[in-house]
Protein chains: 2
Amino acid sequence: MRRLSRGGIDSRVTTELTELFEILRFASISTESKHSGEVRACAEWLSAKLRGMGLDTSLHETARHPVVLAKNRHVPGRRTVLIYGHYDVQPVDPLELWQSDPFAPVIRDGKIWARGATDNKGQLMAHVLGVAKTLREQGDLPVNLTFLFEGEEEIGSPNLGPFLATHRDELRCDVIAISDTGMVAPGVPTFGYGLRGIACCELIVRGPKGDLHSGIFGGAVANPLSALAKIVAGFHDPAGRVLVPGFYDDVIPLASWERDMWAKLPGVDDASYLALCGSPALFGEEGYSAAERTWARPTAEVNGLGGGYQGEGSKTVLPAEGFVKLSFRLVPDQDPQDIMAKVRRHIESQVLPGVTVEFVPGHDGKPYVTDPNSAFGLAAQRALRDAFQADPVLIREGGSIPIVQTFRDTLGADTLLLGLALADAQVHAPNENFPVENFEAGIRLNQSLLRELSL
Amino acid sequence: MRRLSRGGIDSRVTTELTELFEILRFASISTESKHSGEVRACAEWLSAKLRGMGLDTSLHETARHPVVLAKNRHVPGRRTVLIYGHYDVQPVDPLELWQSDPFAPVIRDGKIWARGATDNKGQLMAHVLGVAKTLREQGDLPVNLTFLFEGEEEIGSPNLGPFLATHRDELRCDVIAISDTGMVAPGVPTFGYGLRGIACCELIVRGPKGDLHSGIFGGAVANPLSALAKIVAGFHDPAGRVLVPGFYDDVIPLASWERDMWAKLPGVDDASYLALCGSPALFGEEGYSAAERTWARPTAEVNGLGGGYQGEGSKTVLPAEGFVKLSFRLVPDQDPQDIMAKVRRHIESQVLPGVTVEFVPGHDGKPYVTDPNSAFGLAAQRALRDAFQADPVLIREGGSIPIVQTFRDTLGADTLLLGLALADAQVHAPNENFPVENFEAGIRLNQSLLRELSL
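Since we're looking at a predicted model, the values are computed, not measured.

Novice: Tell me about the sheet that holds strand 5 (residues 111–113) of chain A, and name the residues and values.
Specialist: All names here are of chain A. The strand order across the open sheet built from three strands is 4-5-18, with neighbouring strands paired in antiparallel fashion. The open sheet is flanked by strand 4 (106–108) and strand 18 (433–435), the only strands paired with a single partner. Looking at each pair of strands side by side, their axes are set apart by 30° on average, direction ignored. Where strand 4 lies against strand 5, three bridges are found, and the strand directions are antiparallel. Considered in strand 5, the bridge of Ile107 is made with Ile112.

Novice: Help me get a handle on the packing of helix 11 (residues 375–388) of chain A against helix 13 (residues 436–454) of chain A, residues and values and all.
Specialist: Residue and element names in this part refer to chain A. Contact pair helix 11 / helix 13: the axes reach a minimum separation of 8 Å and the direction vectors enclose 140°. With respect to each other, helix 11 and helix 13 are oriented oblique. Remark: the crossing between helix 11 and helix 13 carries right-handed chirality. Along its contact with helix 11, which presents Phe376, Ala379, Ala380, Arg382, Ala383, Leu384, Asp386, Ala387 and Phe388, the element helix 13 presents Ala441, Arg444, Leu445, Ser448, Leu449, Glu452 and Leu453. Classifying every residue of the contact of helix 11 with helix 13 by side-chain character gives eleven nonpolar, one polar and four charged.

Novice: Outline the confidence of the model for chain A, listing residues and values.
Specialist: Residue and element names in this part refer to chain A. Residues at a pLDDT of 70 or more form 97% of chain A, whose mean pLDDT is 94. Taken as a whole, residues 1–10 scores under 50 in pLDDT and shows eleven contacts with residues more than four places along the chain or in a different chain. In the predicted assembly, ipTM is 0.83 and pTM is 0.82.

Novice: Talk me through the nonpolar core; I want residue IDs and the actual numbers.
Specialist: Counting 276 residues, the largest nonpolar core has A:Val81, B:Val81 and B:Val232 as its most contacted members. Contact partners of B:Val232, with chain neighbours within four places excluded, come to A:Ser226, A:Ala229, B:Val302, B:Leu305 and B:Val324.

Novice: Can you lay out the interface of chain B and chain A for me, pointing to particular residues and giving the numbers?
Specialist: Many analyses report the size of an interface as the accessible area lost when the parts associate. Taken together, the contact between chain B and chain A spans 85 residues of the former and 85 residues of the latter. Of all the secondary structure elements, the ones that give two or more residues to the side of chain B that touches chain A are strand 10 (212–213), helix 6 (224–233), helix 8 (270–277), helix 9 (290–296), strand 11 (299–308), strand 12 (317–318), strand 13 (321–330) and strand 14 (356–365) of chain B. When residues of the side of chain B that touches chain A are assigned to their parent elements, the largest contribution, nine residues, is made by strand 11 of chain B. For the side of chain B that touches chain A, the class distribution of residues is 33 nonpolar, 38 polar and 14 charged. Across five bridges, strand 11 (residues 299–308) of chain A lies against strand 11 of chain B in antiparallel orientation. In the sheet register, A:Gly308 faces strand 11 of chain B, and the bridge partner there is B:Gly304.

About the cut-offs
Residues numbered from 1 in each chain as written. Chains lettered and ligands numbered in written order. Predicted model: local features only at pLDDT ≥ 70, side-chain atom pairs only at ≥ 80, totals over all residues. Pairing = 2+ DSSP bridges. Helix = DSSP H or I, 4+ residues; strand = E, 2+ residues; numbered from the N terminus. Axes fitted to C-alpha atoms, helices over the stretch in contact; angles between N-to-C directions. Parallel < 35°, antiparallel > 145°, perpendicular 65-115°, else oblique. Left-handed = near helix turned anticlockwise from the far one by under 90°. Contact = placed C-beta atoms within 7 Å. Nonpolar A, V, L, I, M, F, W, Y, C, P; charged D, E, K, R; others polar. pLDDT = per-residue confidence, 0-100. Core = buried A, V, L, I, M, F, W, Y, C linked by C-beta atoms within 7 Å. Buried ≥ 20, exposed ≤ 12 C-beta atoms within 10 Å, placed from the backbone.

Put into C-alpha cells, the structure is as follows:
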C-alpha cells in the first residue's frame, strides 16, 4: 500500500478504492461459460451499489449476461447524458504469468493490479464514484444521467444492440460518454474521436479421420497443420500488408492534419511503441508510423492457433485437425460483413487438397469516427483539461468498441471517448493494472464532464 | 472376449494373452517425465518374466530408462541371433478419443485394444512367448539368442547407441531380427528391407515480451503466430514438395524393380491408403503412388503447433510466442545431421523482422536399406511363409527405427524386419489395437525364424 501511505490520498479515496476492490474480486469473464455465475454476481453487486446511491436502478435479463441501468430523476430542459461501461472482463490465461491473483486486487508501485483494473471496472467505477461524490456534495447532478453497464463487451456485445432497440425511448440522450480507451502518456488527457472496428472468426482445418503415424502415412496425406499454416501465411505479403482481395477498397486514407497532429504527440512515437511491446523490432505496413498503423490502418491478426502434439518432447503424429482464431481490425469505411465475406472467399482459395475448412463466424463491429470539435467534443476537452490540469490531445484508437457505432445508429447520439488507460496497462494480458492517480482523476473527470455538458 | 469364446484358441493362448495384458497395463510413456516410474516398473516386470523362463537376464541402467538383456546359454558353433524390441510407448493424448482406457487392455472384435498393443509390446511379447514355447517343447533353442529390449525407442533411443558401444562383445551376433514394422494386409506376411530415417526439432517463435492487446498494438508489431505460420508454410511448394534447399540432393531414386513389385502388392494401392486415413483426398509429391511417397520419399511434417488463446470463444490478444514441433522422414542416402543443418538455414531465411526463433534440435536416425535376398533374408522369408502359410511380400517402411543403422555400424550385423502391424493398428494414435491372430502368428513366427536361421 505504498501509494496510500503517502499523504496525498484522503480517507475518502481509501473508501473509494475499497469499493473498486470489491467489484474487481468478481471473476466476471464473459466468454467462459463456467464463469457465468460470477458475471451475474458482479451485475448484482453493481445494481446494489447504484441503488444505494439513490439512483433508479434496474437489472435486465438478456440471452446471456444482464444489463444494468441506473438513472437519476430526469428533469425536462436539462441535457441528458448516457454513460456506458462494461463490468465483464477478458480471460486470465496464461495464469502462471500473473505476479498476483487476477481477482485478488493489490496496490503495488502506485498501481492497482487485477483483471479489469483498467478494462473496464476501474474506469466504470470512477464514473460511478464521481456521480456519488457530486450527489453527496450537491444533492443532485447538473444533467439527466443514465448509466448503462453491460456484461458482454469482451464477447462483442451480442445482446446490447437488441436491448438498445427495445429500450430506445428509455435510453434517449443528447450525448454518450465512455471511458474505455487510452491516454497517450501519464498525465496527458486524451480525447478519442475514432475507433477501429472488428470482425472475428475461427477456422477448423480437418484432414484424416483420426491422428495418423507420421512415418506410415507422412508424404501421402495432407497435414492439416501445414494447410492451416498456408492459410495463415496467405493473409500477409512479406511487408505485412493484408493480401485478402479488396481488403483496402473502402479504407479512407489518413488526412494530413491527423498525421501532422499525431507526429507531435508525446508517448506515441515509434520508439515508445517498441519499448512498450518489447519486441526485437516493430513490423508493419510500409510508410506509416506505429500510431498510424494502429489507429487508422486495418489488420489481420492471429489470436490463437493449435493442433497436434502439445506435450513435452516429441510425438511423431500426423494430426487429424487444427484450429486458428482470427480477428480483423477495421477502419472507416470498411464494413465488417463485407470484409468477412472477402476473408472467407480468400480462405477458400487457399485450402490445400486433402483437407476441409470449417469457417465459424465470430463477433463484429463497425469502425467509428466523429468530429472532435463539435460542441460536445469541446465540452469534453474542457472537462479533461480541468480534471488533469493539462491540455488534452486528440487521437483515434486502435481498439474496438463496436457499440459506439450502434449507439449512433440506434439512439442518434455521438460518443465522447475519455479514456484513462495507459499503454502499459496490460489490458487483455497478464498483470493488468491501473494507476491510483488515474482512478482519482477519473472521479474528478466525471464531475467536470457532467458540469461542462450541462452548460 | 468374443474372440476367446470361439473354439480356435486353446488355454495356452489364453495364458499368453494374460501375460501380454500384464505388460500392456504399464503406462511406460518414455517421453513424459511423470511416467518414468511406470517405465522402470515395466522393465522390471519384463526382466522377471525372462528370468523365469530360465534366461540369463540383466537390467542395465542408462541416463534415462533401463535396457533389459536376456540370453540363453550360448554354444560355440551355433548361429547367434539378436532380437530387439522396445517396451516404451507413445503418449496417449487426446485421451478423450479412446474407446477404452489405453492402459486397461480389452479384446473386442478379435483385437487387443491398448497403447502398445502393436507398437511394440504385442510384437515383443510374441517373440518372448515363442521362445518360452520352444524352451518348454524342446528344452533348448536352435540358436544362441540375445534379447535386447529398450525403453527409449519412442524418444529416439538416445542411450542405446552408447550402450551398444560399451557392450559390443556381449552383443556380438550374426543377424538381428525386429518385429516393429507393418504388414501390407491381414494374412500377408511382409518382409521389410528398408526404413526411413528421421530428424526432429522444435521451434519457439518469440515477439513481444508479453501478450498484447491486438487493438492497441495490432498492425505495428509482428505477430509470432503469423511468423510461425510463414515458416511452416515455407516448407512446401503448392504440390507438397519440400522447399528446403538441397533437401533432395542425396535421395536415391526408386529402382524400377521396386516400383513394379510394389504396384502389384495387395492392400497398399492409393484407394486403400485413402480409405485408411479417411482424408477427403490423398495429397503429396507428384508422380508417386502413396506407397512410394511413404516408403521411399522424404517428408517435412508438422507434428504439433500452438500459441495464443486456446479457450472457448475469442480473445483479441497478440500473443508473445508460439511453438511448432517438426519431424523430417529421410530416405537413403540423406543424412540427418546434414538435413537438420539445411533445415536450420532454411528457417533462418524465413524469419520475419520483429520476432526471434529458437531452434531446439530433437532426436534423429539414419535411413536404412538392405538386400532382401541375402541368405538371412531368404531364411526370414521362409519363416514368414511357414508362420502364415502364405508367400511373403517385400516392402520398405515409412516409419523409422534409427537403431537399425546403428546396429549395422556398431555390431556389423544387418536387421531382418518381420513386422506384424496392420495399417489400421492406430499406432501413435488413439485406439491402438493388435489382432489376436497376429499375436498367435508372431509366436509361431519366432519359432520358425530361430529354426530357419539355425540352418
